[in-house]
Structures are given as structure tokens and as C-alpha cells.
Amino acid sequence: MYTERAEWLNKTVKHMWPFICQFIEKLFRETIEPAVRGANTHLSTFSFTKVDVGQQPLRINGVKVYTENVDKRQIILDLQISFVGNCEIDLEIKRYFCRAGVQSIQIHGTMRVILEPLIGDMPLVGALSVFFLRKPLIEINWTGLTNLLDIPGLNGLSDTIILDIISNYLVLPNRITVPLVSEVQIAQLRFPIPKGVLRIHFIEAQDLQGKDTYLKGLVKGKSDPYGIIRVGNQIFQSKVIKENLSPKWNEVYEALVYEHPGQELEIELFDEDPDKDDFLGSLMIDLIEVEKERLLDEWFALDEVPRGKLHLKLEWLTLMPNASNLDKVLTDIRADKDQANDGLSSSLLILYLDSARNLPSGKKINSNPNPLVQMSVGHKAQESKIRYKTNEPVWEENFTFFIHNPKRQDLEVEVKDEQHQCSLGHLKIPLSQLLTSDDMTMNQRFQLSNSGPNSTLKMKIALRVLHLEKQERSPDHQHSAQVKRPSVSKEGRKISVRSQMSASPGSGDSSTAPCTPVIGSGDKPGGEERAQPVEASPQGPRDLGRSSSSLQAVATCSPSHVSVKEPTPSIASDISLPIATQELRQRLRQLENGTTLGQSPLGQIQLTIRHSSQRNKLVVVVHSCRNLIAFSEDGSDPYVRVYLLPDKRRSGRRKTHVSKRTLNPVFDQSFDFSVSLPEVQRRTLDVAVKNSGGFLSKDKGLLGKVLVGLASEELAKGWTQWYDLTEDGTRPHVVT
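Basis of the calculations
- Residues numbered from 1 in each chain as written.
- Predicted model: local features only at pLDDT ≥ 70, side-chain atom pairs only at ≥ 80, totals over all residues.
- Heavy atoms only, no water.
- Helix = DSSP H or I, 4+ residues; strand = E, 2+ residues; numbered from the N terminus.
- Buried < 20%, exposed > 50% of the residue type's maximum accessible area, 1.4 Å probe, protein only.
- Areas by Shrake-Rupley, 256 points an atom, 1.4 Å probe, with all protein chains shown as cover.
- Contact = heavy atoms within 4.5 Å.
- Pairing = 2+ DSSP bridges.
- Axes fitted to C-alpha atoms, helices over the stretch in contact; angles between N-to-C directions.
- Patch = residues over 30% accessible without salt bridge, like charges linked within 9 Å, V, L, I, M, F, W, Y side chains within 5 Å.
- Salt bridge = Lys/Arg side-chain N within 4 Å of Asp/Glu carboxyl O.
- Phe/Tyr/Trp six-rings, centres within 6.5 Å; stacked < 30°, edge-to-face > 60°.
- Lys NZ or Arg CZ within 6 Å of the ring centre and 35° of its normal.
- Core = buried A, V, L, I, M, F, W, Y, C linked by side-chain atoms within 4.5 Å.
- pLDDT = per-residue confidence, 0-100.

In terms of regular secondary structure, the chain is built from nine helices and 37 strands. Relative to its full complement of 736 residues, the chain shows a buried share of 57%. Within the structure as shown, the chain displays about 31900 Å² of accessible surface, and the carbon and sulfur contribution to it stands at 50%.

This is the structure:
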């Protein structure tokens, strides 16, 4: 397979460009504009005043046609595209008298086009699917961006974060599918089954470069290495191992693979530094090789650096449509005995959310709701897009959940009215029902509970067991995964890792695959990092989870929408900023409304704090909260975030799980910080209680803070106390 020039295709695109521009303008006005308006109350007056993509058409620099390792009923093309356009896209937000725009856009990347299924009747192709295998390079020349980012709800964003959100929307598994024949023939495209699941054991490295220096560079030191792991737009980040050139991470991640011809596992190692992280090497492994071998356990030499090697164990898990191997899989991952809902996955739940019928009106009689659907399995939750002013919404969205043990886990689904934050109906489906269904699939209209008499939700759900097939090999068989050499040196990278990692789009299209950093008991996990949907989405990232893990065991991080979490100060996700404090004070004034609030108007939090001299660590146990304020009529969805000041890097952040719809959550989660007793007595514990919400969501906010000084001589013994929550944490009151 080689790349060919296709000037005839560029001539065709040039001729079609005016019509392509018409489609783009329609997309902006009919799809993007209402989605932005609904994302946040501050953006309700958002509109595009002009959409002109320019006269310069997109250019296709080369075409590669795949002829090996592809289904006979499909054609796969990779198009190397470039777009350098002097466009004019103007927008305004009337409420804030804000105007901004885009003067030029550059996009460079490889776009995959799949023609499938091939059929024996005209037009010979059933549908067209388009997506990027990896993030394209995007550069945008903005006008008035600073004005835009001053608006409440957008502060905390940056040019880099916005670009990352846009590019993640374009990356697999997000795709555009255009049907060319009847719905029956393309039903399989609306319910894409991943080709497989890649389980990545990120074990250890050896002989890394020492990047840290002392005495102005005269003395070479060690490094603080961590890894960034990518499969498509699923991104994971390991924990940082301090001052070690042969670090042992022993972490496990699971990622969905939808397309393996041309898709790679990409790994980069960095040395964490306060200013700019230094590059320690990279690696690219062709996933076709992993699929062939099924199991690889090898040391790989790192590229782009003079020395260093990385130890990986890679497992290609096949999706089986029956439960014949389930008991063995459960035993292998130790899910047959434990009662946890998190850990290594035994199966994958694939969900196609089609539509709903006859939804109730919600709070206002004879008014149509703005319905969205929230789905959860255990602690993992995902959310659909919002459909406006309708009681018969059509979503046509795909979701996936990694499942630890389907024999005792349930899929919970709730339809909500986004406008009034009330429930329109819900249902619970035990996953064990799928184990006895034909092809482990259910495709039907489900009757909603606590809804209208004829309110139904149409979904197709399927369960697939993740099975590691063993290859029959001769005794003298030798293998080594094909390592792809990078085409661009690290000096030539146009997008720095820093810029990629500063984004927290926490979301993206709802079809984004869940990623599962698996956390073990070796280091007590600092809670679950959970990416929230943007409007449902990349993403989410669906959120690159920094995990503290050991191979022995298990807890899961980051459902669907992945965004990279970097070891630098939190920007988009840390809402303990002045605007959050102001909004909380305003909410307090609304609650007071002429009455006298009690001694603890924001509620209280119970903490245990002690220093372990044996482990040389500060141990913080977040027990529970009481009497929190409500963000909606359903209460709040609180979680707790902890920093040990002055360190506010991502690596220093600890988070509990989210407790749904309660003002008195119980967490009982323990976190630790590696710090000596003399050092910790000069520092302050920053504890914030927050309401979980999607990126740009109006229901995301601060519930209260407390700052705890650690200078006490009793720290070695420890204490358990209730603390009053305040707007900014500066006036803590201890409740004995």
C-alpha cells in the first residue's frame, strides 16, 4: 500500500466547493448554534452573524487505498488533507455585547473514508463514513477572543483548550455517517461494534535520561518520569515516579479499537518539571501486530532519544457475542469473588440510543420539554445531547461502557428535562437479562417508569464478553511487535504536549469510548477522575485519568469522555476561582432572601487528618458532608476535591467519587500526600466541595470550601472533626 496523488479529486473538490460551503454554513447555523445556546445560560443569546469559509478549497495531498486486512464488503481510503482558508466567521453574544470571530483556519491531517457495506444494487455503496484516526493539526486566527473568554462560564478556557475540544470532535470514534440506501441496510452502521479492546499494562522503564540538573547544570540528576498513552482520542496519563531513571508504574488501561488498519498505540514519556516537561522518548506500535499475536509482553527501545526502553504487556481482547467464556473471564480478572463494580473489565456494553415517544410535559402543562438522557452503570455515567422543545426526541447516539461483572450490575437510564431539571421517566435493566437474550442483544421500546402512560424509550443494547484468545504456536515461534518510527522529530512537533494536555474538554461526542485506567490497592487511589460530557462528548475523553495503580487490583477511572490531565495548575476543571466564589455568594444571597441563615449556611464536611511517620505521608480521609445547598430541585451531585497548598498541579489533586442527588453524601475515601512532618506543618489543606456537571454546564459549581492549617502539634496523632464550609474557605469554623 502506498500513497498516490489524486489531482482529479482536487479538481472535483474545487468544482463542488461553493456547495460544500453552503453545507458548512447550514451546519453552523442549524446544529452548532443551538447546541452552544443550550450549553450554558450565559450563552443563550449566542449567534453566528456571518459564516464565510472563503474561496480557497480544501486540498487532498495524497490518497492511500487499503487492500489488506480489510473486510471484502468495504473500501477504506486515507486522505491526506490540508485546508488553509482566509475565512470570515463572526459571532456575537448579545447579552454581554460581545463580538468575536475567526479570520483564518488551517487544518492538516489524515482523514479516513470508509465505503460500506458494498451491495449488489445501485449505488453499490450503502453508506459513507468519515473521521480522523488521530487529532489533526488545527490553527485558528481569532479576533476578539479575549472578550469572549471574559464571559461567565467561559473564563478558565484558553485558545489551546478550545482547539483541543474542536479536534477531539473530529477523531475516532466520533464519525460522520452519510446513508446512501435504506435504513434497513445501514442499521449495522448505526450500531458500530468495536474491532476489539486493547488492554495496556504500562509496567516499567529502564535506563531513561536524567533531565534534572543542579548547580546551574554542572551536576546531572535524575528524572521524574510519567507516560502519555494514546489510542485514537482515548488518552491516559500515568502517575509520576519521582527521581527515578528506572521507574515502575504497574498500571493498566483499557481502550476501544474501532479501526486497526493504520491505527497505532502511541506512547510518550516525559520528565515532570515545574515549567516545561522534558521529552524522554516515544513509541508507536501497529495494532495489527498486536491483534495477530493476541498477547505481547516485551521491552521496547524508545525512539527519538539516545537511550531508554519501556516494558509493556499488551492484550488484544476479542468481543464474543455469547457468554460461554464469561465465568473463566470473571475468574481471570478476580471479579467472581469481589463485590466491587470497578476493575478490569469482563465485558463491554454497547448502547444505541434511538428515540423517545410520548414524553410528559415536565413542569409546565402543555409545554414541550428539552429532553436529554443520562445513563449509568455503577459509578460510570454518560449523557446524551439535548433535544429542544419536543416530547418525541430523536438522538441516534452511541455509547459504550466497560463492565466489571454483568451478573450483578445494572444499566440505569433516566430521561430529564434540561430546562426545568426534572425527571421525565427512568428505567433499570439488569445486565444479566442480556446474558440470556439472543446474541446477548435487546432491541426494543422500553416502557419508562414514573412517566406518561405511553412514554417509551427506544434503545438497542448489546453485551460482548472480552476474551483473550490464545494463539497456537510452534515451540520455536518468535515474535516482536512492529514499532513504527515517527515521521516528525520532537523538535518538529507543531503541537506541544503541554498544549495538548492543558485541555480538559471533558467531553465530546457521546459515542466516545470509555477509557479505563485500572487502579489497584498498592497506592490507595485518590478517588475517581470523572470526565463529564460537553454536550455529550469527546469525550470525554472522554478524561485522561492519572491513576495510582498496581496490577494486583482494581478500581476504574474515567468513563467515556477523555481529556488529558496534566501535572500543571488546573484551568478548566478547577472552579475554585473568583467567579465560582462570586456565584456561590450570589446563591447564598438568594437562599437568604430576607431571612437569617444558620451558623453553617453552606453545610459542613467531616475530615480525618493525620501524618504517618512510618509512611512519611499526610493521610486525609473524607468521611461525609451534611446540609449542603441544592443546585436543583433534585438536590446536588457533590464530590470533594483536595489540594495540599501551595501545590495546585494536576498531579497534586485528589478527588472523591460523585454522589448523585443528595445533600448529605457519604464518601469515606482516603487520600495521601508524600510529605515529611516538618514540611507538612508549613502547608495548608485546601478542601472544596463541588457540584458535578458537564463542561460549560450551568449546574457545575462550587458548594463550599475549607482551608485547614496543618501547623498543629497533634498532627502525628491525628483528629476527626466537622468543618464549616464557606464561600472561599478563609473563615473555617471547627465543629466539635
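Glancing now at the environment of I193. Relative to the assigned elements, I193 resides in the loop between β9 (176-179) and β10 (196-206). Given a relative accessible area of 35%, I193 falls into the partly exposed group. The spatial distance from the C-alpha of I193 to the C-alpha of V257 is 9.5 Å, given a sequence separation of 64 residues. For I193, the contacting residues outside a window of four places in its chain are L319 and I350.

Our focus in this paragraph is the sheet that holds strand β21 (residues 371-377). In any sheet, the strands associate via hydrogen bonds between backbone groups, in a parallel or an antiparallel arrangement. Across the sheet, four strands lie side by side as β22-β21-β24-β25; this open sheet has antiparallel pairing. At either end of the open sheet lies a strand with only one pairing partner, and these are β22 (380-383) and β25 (422-430). Across this sheet, the average inter-strand angle for adjacent strands is 15°, counted without regard to direction. Bridging between β21 and strand β24 (residues 410-417) involves six bridges; their strand directions are antiparallel. Within β24, the residue paired with P371 across the bridge is D417.

On the surface, I176, V178 and L180 cluster together to form a nonpolar patch covering roughly 260 Å² of accessible area. Within the element layout of this structure, V178 appears in strand β9.

Take the sheet that holds strand β32 (residues 654-655) next. A sheet is described by the order of its strands in space; here four strands give the open sequence β32-β31-β34-β35, paired in antiparallel fashion. At either margin of the open sheet sits one strand with a lone partner, and together these are β32 and β35 (701-709). Sheet analysis places strand β34 (residues 684-691) next to β35, joined by eight bridges and oriented antiparallel. By the bridge assignment, K690 is partnered in β35 with L702.

A few words now on the packing of aromatic side chains. What characterises a pair of aromatic rings is the spacing of the ring centres plus the angle enclosed by the ring planes. Per the counting criterion, the structure on display carries seven aromatic pairs. Summarising the aromatic geometry, the rings of F236 and Y253 are spaced 5.0 Å apart at their centres and angled 35° between planes, so their arrangement reads as tilted. Of the two residues, F236 is situated in strand β14 (residues 234-237) and Y253 in strand β15 (residues 248-257); the sequence distance between them amounts to 17 residues. Overall, F236 belongs to the buried group, its relative accessible area being 0%. For the ring pair F270 and F279, a centre distance of 5.8 Å and an interplane angle of 70° mean the geometry is edge-to-face. In this structure, F270 and F279 share a single accessibility class: buried. Cluster of aromatic residues (ring-pair linked, three or more members): F28, F46 and F48. For R654, the ring lying beneath its charged end belongs to F673, and the centroid distance is 4.6 Å.

This part is about the nonpolar core. Side chains of a nonpolar character, in soluble globular proteins, are inclined to be buried together. Of all hydrophobic cores here, the largest spans 40 residues; its most connected members are L79 and L148. Sort the elements by how many residues they give to this core and strand β6 (residues 98-115) lands first, with seven residues. If you look at the next biggest cluster of nonpolar residues, it comprises 38 residues, including L326, V373, V415 and L434.

On average, residues of the chain score 76 in pLDDT, and 73% of them reach the 70 mark or higher. Across residues 485-579, confidence stays below pLDDT 50; counting only partners more than four residues off in sequence or on other chains, it has 382 contacts.

Further remarks concern the environment of L353. Positionally, L353 belongs in strand β20 (residues 347-357). Exposure remark for L353: the relative accessible area of 0% places this residue in the buried category.

Turning to the pattern of salt bridges, a few remarks are in order. Overall, the coordinates contain 21 salt bridges when judged by the stated rule. Salt-bridge contacts for R29 lead to E25; the nearest nitrogen and oxygen are separated by 3.2 Å. Taken together, the residues R29 and E25, both in helix α1 (residues 7-39) and four residues apart, mark about one turn of the helix. In this structure R29 comes out as partly exposed when scored by relative accessible area, which is 31%. Take E25: its relative accessible area is 30%, and that puts it in the partly exposed class. E679 serves as the salt-bridge partner of R683, at 3.8 Å between the closest nitrogen and oxygen. Overall, R683 belongs to the buried group, its relative accessible area being 16%. Bridged by salt links that share partners, the residues R5, E7 and R59 form one connected network.

Where strand β1 (residues 3-4) meets strand β3 (residues 59-66), two bridges bridge the pair, whose relative direction is antiparallel. Bridged to E4 within β3 is V63. Sheet topology note: the β3/strand β4 (residues 75-85) ladder contains seven bridges and is antiparallel. Bridge assignment links Y66 to a residue of β4, and that residue is I76.

This part covers the environment of N368. When you line up the elements, N368 lands in the loop between β20 and β21. C-alpha separation for the pair N368 and Y388, spaced 20 residues apart in sequence, amounts to 8.2 Å.

A few words on unusual backbone geometry. Residue P117 is reached from E116 by a cis peptide bond, and omega for that bond is -10°. Mapped onto the elements of the fold, P117 is located in the loop between β6 and β7 (127-132). Backbone geometry at D668 places phi at a positive 50°, although glycine is not the residue there. Following the sequence through the fold, D668 ends up in strand β33 (residues 666-674).

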